[in-house]
Amino acid sequence: MTRHPDSAGLTFRQDYFGDPAGWAALVCLLNDIFGIDIGPLQQLGGPDPTSMPFGWFDAEGELAANISAFALPFVLNGRIVHAAGLQSGAVRPPWRSRGLYRDVTVKALDWCDQQGFEAVILYTDKPSLYEPYGFRAIPLHRYEGAAPASSASAAPPRALLPTNADDLALLQSLLKARSPVSTSLAVTVNAAMFLINTQLDPDVRISFLADRQAVIAWKIDEAGRFSLLDVVAAEIPSLAAILAGLEITPAFVEVLFRPDRLGWEGVPKSLESGTRLMLRGLGDATPDFPAMLSPMAEF
Ligand SMILES: CC(C)(COP(=O)(O)OP(=O)(O)OC[C@H]1O[C@@H](n2cnc3c(N)ncnc32)[C@H](O)[C@@H]1OP(=O)(O)O)[C@@H](O)C(=O)NCCC(=O)NCCS
């Protein structure tokens, strides 16, 4: 039996991103609930064009409850899964416990089923919220180990600023033509999330290696520990070529996806994080090898 939400005083709207006031209401909701500002996305090519938001608005045009679906094809164990992602799920405190989240979740999942998506994925710190809908948590692993011997590089790296128009155009063309960073688990496109994630973590560096036509998303801490977050390229360079291109020689390396295309083998380590990746569909499929989605794909 369908349980109806208590939505007195609210109006339901779907697919409202074309309305600037609707988009602004979502930016405000995510700022208020998560402290995350997705406003800059408008200057970075806009939200993912496949986005399908489901929201309950109050009389003042404020968003009381929301969840958004979007196409998120990803590679799992060597094949492309035509999946949707769910993101931006939140209800303002005064509107909680009325069934509004259940309502938008059911609407979003029905829409995903109607569109023919074979799977749905999401990130959450509340897995039990989604288990009743058939989602299950996927174990995630990063890799670590000693750096490979560095090779020679032809050109110095160039830091890219996604807010600069020329750099954005270069990034967008590389994102469009990118090859999955791993054959175990990786997104195939997902340009909007990569671009907004460059703005959400100030420690992430975005470097362009011209001779490899590759963009590297990386971090280095005070102890000289190098973290490789993502590689955007049609042809994935080896880790040795990446380090040479970045002109760094760290002693220790961490890779935040399965490094099967990097010509380097690290040791998989279970990811200690409160956030879980959950999958609905595909039977009981999980990555055949320890893996994780790049943090630049996180949504
Ligand atoms: C989590 C949240 C979306 C729930 O909103 P809500 O409007 O109170 O949810 P509903 O009233 O629609 O309840 C839906 C179901 O989720 C359950 N639920 C609510 N909060 C939950 C929580 N924190 N953990 C697990 N289950 C929860 C309810 O018991 C209810 O179960 P039922 O369908 O069996 O009755 C809201 O508290 C919120 O916005 N929190 C902060 C942001 C957040 O955590 N977003 C989701 C994470 S990705």
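- Identification of the protein chain as GNAT family N-acetyltransferase from Rhizobium changzhiense is taken from an unreviewed UniProt entry.

## A few points about the pattern of salt bridges
- If you walk through the whole model with that rule in mind, you get 15 salt bridges.
- Its salt-bridge partner being arginine 280, residue aspartate 113 comes within 3.5 Å of it at the nearest N-O pair. Here aspartate 113 is found in helix 2 (residues 100–115), whereas its partner arginine 280 is found in strand 17 (residues 276–281), with 167 residues between them in sequence.
- Residue classification places aspartate 113 among the partly exposed residues on the basis of a relative accessible area of 44%.

## Remarks on the site of the ligand
- Residues in close proximity to the ligand total 19 residues, the closest being Val91, Ser97, Gly99, Arg102 and Lys126.
- Arginine 98 is positioned such that a nitrogen or oxygen atom in its backbone is 3.4 Å from an oxygen atom of the ligand.
- Take lysine 126: an N or O atom from its side chain is 2.4 Å from an oxygen atom of the ligand.
- Protein contacts shield 69% of the accessible area of the ligand, which totals 900 Å² for the unbound molecule.
- Listing elements by their share of the shell around the ligand, those giving two or more residues are helix 1 (20–34), strand 6 (83–91), helix 2, strand 7 (119–124) and helix 3 (127–130).
- By residue class, the composition of the shell around the ligand is 9 nonpolar, 5 polar and 5 charged.

## Side note on the environment of threonine 105
- Secondary-structure assignment places threonine 105 in helix 2.
- A C-alpha to C-alpha distance of 24 Å links threonine 105 and glycine 46, two positions 59 residues apart in sequence.
- If sequence neighbours within four positions are ignored, threonine 105 has contacts with Ile67 and Tyr133.
- There is a polar contact of 2.7 Å between the side chain of threonine 105 and the backbone oxygen of tyrosine 101.

Criteria and cut-off values
Residues numbered from 1 in each chain as written. Predicted model: local features only at pLDDT ≥ 70, side-chain atom pairs only at ≥ 80, totals over all residues. Heavy atoms only, no water. Salt bridge = Lys/Arg side-chain N within 4 Å of Asp/Glu carboxyl O. Helix = DSSP H or I, 4+ residues; strand = E, 2+ residues; numbered from the N terminus. Buried < 20%, exposed > 50% of the residue type's maximum accessible area, 1.4 Å probe, protein only. Near = heavy atom within 4 Å. Polar contact = N/O pair within 3.5 Å; in protein donor to acceptor, adjacent residues only side chain to side chain. Areas by Shrake-Rupley, 256 points an atom, 1.4 Å probe, with all protein chains shown as cover. Nonpolar A, V, L, I, M, F, W, Y, C, P; charged D, E, K, R; others polar. Contact = heavy atoms within 4.5 Å.

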